[in-house]
Amino acid sequence: MSTTEFGKQGWTPARIKMLTDKTFVITGTTSGTGFEAARILLSKGAKVVMLNRNPKKAADTIATLQEELGSAIPVSNIEMDLASLASVKKAADEVLRTVPQIDALLCNAAIAQVPKQTFTEDGYESQLGVNHYGNFLLQALLYPRIEESEGRIVTVGSMGYNMGIKTIQFNDMNWDKNYNPNAVYSQSKLAQMMTVYELQDRLKKAGKTSVKAYACHPGASSTSLIKTSGSLLTRFIWQIMKLTPMVQSAEKGAYPEIMCATEPDLDQEAFYGPTGKNYWTGPVGECKLEPHAKDKPVMERLWELSEKETGITWNL
């Protein structure tokens, strides 16, 4: 059994004190790790604002949570589709209007292994558009409220960052010439994580210490991520894997993002998730981060490009 900084069991929600005065904004909570993160935070007394694209599923999720935790739980949903920059702007406006405090923004929603090249309404390859550009814009728009609250930004990355080409394909961001579901997913996750570490550098440079940014990954967790967007073969393999010890529960997959949202004195420069074999399952703690995830010239270029593409300049 590996030992993490939290002992042999790794980090668990047992470490969380009551969160009665805290507010968490979480994307993608109608299933999987997002649902479990919302459930655990609500069970600790926190207020949770969910951002989901499907109002019907969001209403069902709230009903399920109320059934388990009581009808008085402070949970609400704001409609948002990360595949649309206009939808992200509209949702962020509503958050800023109605949510006076954000102790942590958990960027949990993602799509994965989309079999054929598809595009968002803004013309971006869908995995890059949803996983990176949508989240980049959301974080920038909510940043002022997070700063006022001395809060955190938590990005759910993926071990996929360490696959594919291990950099950003700037000369063909939409992968028109060489589209590959896994390579593009890897690039989108690497882009998300690079944004975390670049944001840390920019905050440091601006002399701002009140906002913290963290990157984590859920390991191999039993969620509907692949089922929603993967090819038939990928889905088939995944369904079989889910029956083996190589895959853990969605609840355990939620631990790293909840830890990054609540645990005091975490090292921002680290990368957190399950620490077992291949980082798929096991006790939650710090995982080895490969150097290409912090390739400074690439991080800077990606940040500038992302500001240009989303039409937002971070106000640091």
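Rules used throughout
- Residues numbered from 1 in each chain as written.
- Predicted model: local features only at pLDDT ≥ 70, side-chain atom pairs only at ≥ 80, totals over all residues.
- Heavy atoms only, no water.
- Helix = DSSP H or I, 4+ residues; strand = E, 2+ residues; numbered from the N terminus.
- Expected span 1.5 Å × (residues − 1).
- Buried < 20%, exposed > 50% of the residue type's maximum accessible area, 1.4 Å probe, protein only.
- Arc of directions from axis to C-beta.
- Salt bridge = Lys/Arg side-chain N within 4 Å of Asp/Glu carboxyl O.
- Phe/Tyr/Trp six-rings, centres within 6.5 Å; stacked < 30°, edge-to-face > 60°.
- Lys NZ or Arg CZ within 6 Å of the ring centre and 35° of its normal.

### Notes on helix α2 (residues 55-69)
Compared with the 21 Å implied by 1.5 Å per residue over 15 residues, the 21 Å span of α2 between its first and last C-alpha is a close match. By the burial criterion, the buried members of α2 are A58, T61, I62 and L65. Around the axis of α2, the buried residues are gathered within 100 degrees of arc, so they sit on the same side. With respect to the buried face of α2, the exposed residues turned more than 90 degrees away are K56 and E67. One or two positions beyond α2, positive phi appears at G70, with a value near 110 degrees.

### Description of the pattern of salt bridges
Applying the stated rule across the entire model yields 14 salt bridges. Measuring nitrogen to oxygen at the nearest pair gives 3.7 Å for the salt bridge that ties E251 to R39. Of this pair, E251 sits in helix α8 (residues 250-262) while R39 is found in helix α1 (residues 32-43), placing the two residues 212 residues apart along the sequence. Since its relative accessible area comes to 30%, E251 is described here as partly exposed. Under the relative-accessibility criterion, R39 is labelled buried at 16%. For K208, the salt bridge is made with E147, and the minimal N-O distance between the two is 3.1 Å. Remark: E147 occurs in helix α4 (residues 126-148) and K208 occurs in the loop between α5 (181-205) and β6 (212-216); sequence separation between them is 61 residues.

### Notes on the packing of aromatic side chains
Under the criterion given, the structure shown has 7 aromatic pairs. Both rings, one in Y161 and one in F271, keep their centres 5.5 Å apart while their planes meet at 80 degrees; by these two values the pair is edge-to-face. You can see Y161 sitting in the loop between β5 (152-156) and α5 and its partner F271 sitting in strand β7 (residues 271-274), a full 110 residues away along the chain. By the burial criterion, Y161 is buried, and F271 matches it. Aromatic rings pair up to connect F136, Y143, W303 and W314 into one cluster. Of note, K294 hangs over the ring of Y197, and the distance from its end group to the ring centre comes to 4.6 Å.

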